Amino acid sequence: MAETRKRLAEIDPVWSQIRDESEQAVKDEPLLGGLIHSSVLHHDSLGCALAYRCALKLASGEMSEQLIREICDAAYRDAPELAQDARADIAAVYDRDPACHRFLQPLLFFKGFQALQAYRIAHWLWTTGRRDMAYFFQMRTSEIFGVDIHPAARIGRGIMIDHAHSIVIGETAVVGDNVSMLHSVTLGGTGKEEEDRHPKIGDGVLIGAGAKVLGNIQIGHCSRIAAGSVVLHDVPPKSTVAGVPAKVVGEAGCAQPSVTMNQILKDAL
């Protein structure tokens, strides 16, 4: 058994860490033993655990847990990159959120992470032609987590959505890798045209709470959008914008704003 665990840790260190943390959590809080065993310790891989958690959360009288679980399992079998993206998302949350002290926490407790993984399944459904089912996943994700991401949107890996309440990401939006955003962010359109109408967010961008980024505009890599800003025009790379409407107020202040999570504007002025 020890040799098996050692090989597991070498092959998948994130999953191995989650299992180790789960065993300790059961010792620390026995009343959570049923939850932790069913969500983590009964599964052989992160993909299986994610499928179980997604099905448990999204099931309703309209769609059973078993049916959703079968869809999720099929997604993780067909697209192994989904589990790889989830690993990067877990690492991002652990690295950037001071309230996250274990890899286990996003999987069990953080709705931003859970909603993002549900979106990833919905996006897989969308790209494989199962669009009505993708819309169902979008609907349930919005109802359960308060996060509304269109399944056609394209989102990279290493994403942290902190607190996550009232996040809206539109159909033609693109979000790069290693992006961080806080609650009440909107990546929206500005009209009723059906063409490309949503923002394109570069890698390493930090989007503050309540920010609205509207229209088919480019947000340059490693830039910062201050909390409460309304962004209507392109943002240069490595810059900070703030205000309504948002204007450039300085440089980003660091090489990787989405990682440092520094939202103090005085550094940019």
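Use the structure listed above.
Residues numbered from 1 in each chain as written. Predicted model: local features only at pLDDT ≥ 70, side-chain atom pairs only at ≥ 80, totals over all residues. Heavy atoms only, no water.

A. Spotlight on the packing of helix H6 (residues 81-96) against helix H8 (residues 111-127). It is at 11 Å that the axes of H6 and H8 come closest, and there the two elements cross at 160°. Considering the angle they form, H6 stands roughly antiparallel to H8. For the element pair H6 and H8, the recorded crossing hand is right-handed. Taking contact as the criterion, the partners of Leu 82, Asp 85, Ala 86, Asp 89 and Ile 90 in H6 are, on H8, Phe 113, Leu 116, Gln 117, Arg 120, Ile 121 and Trp 124. Its residues placed into classes, the contact of H6 with H8 shows seven nonpolar, one polar and three charged. (Axes fitted to C-alpha atoms, helices over the stretch in contact; angles between N-to-C directions. Helix = DSSP H or I, 4+ residues; strand = E, 2+ residues; numbered from the N terminus. Parallel < 35°, antiparallel > 145°, perpendicular 65-115°, else oblique. Left-handed = near helix turned anticlockwise from the far one by under 90°. Contact = heavy atoms within 4.5 Å. Nonpolar A, V, L, I, M, F, W, Y, C, P; charged D, E, K, R; others polar.)

B. Structural detail: unusual backbone geometry. Each neighbour pair has its own omega, and for Val 244 with Pro 245 the value is -5°, a cis peptide bond. Among the structural elements, Pro 245 can be located in the loop between strand S14 (239-242) and strand S15 (247-251). Despite not being glycine, Lys 238 shows a phi value in the positive range, around 60°. The exposed category is assigned to Lys 238, whose relative accessible area is 51%. Even without a glycine there, the phi angle at Met 261 is positive, about 60°. Residue placement: Met 261 occurs in the segment after helix H10 (257-260). (Buried < 20%, exposed > 50% of the residue type's maximum accessible area, 1.4 Å probe, protein only.)

C. Spotlight on empty space enclosed by the protein. Applying the stated criterion across every chain yields a total of one cavity of 30 Å³ or more. Considered as a void within the structure, the largest cavity measures approximately 90 Å³ in volume. Leu 50, Arg 53, Cys 54, Lys 57, Tyr 76, Leu 107, Phe 113, Gln 114, Gln 117, Ala 118 and Phe 145 are the residues that line the largest cavity. If you list the elements that add at least two residues to the lining of the largest cavity, you get helix H4 (46-58) and H8. Classifying every residue of the lining of the largest cavity gives seven nonpolar, two polar and two charged. (1 Å grid on protein atoms, 1.4 Å probe; cavity = no way out; pocket = protein on both sides within 12 Å on 5 of 7 lines; lining within 4 Å. Points joined across faces, edges and corners; volume = space filled by probe spheres on them.)

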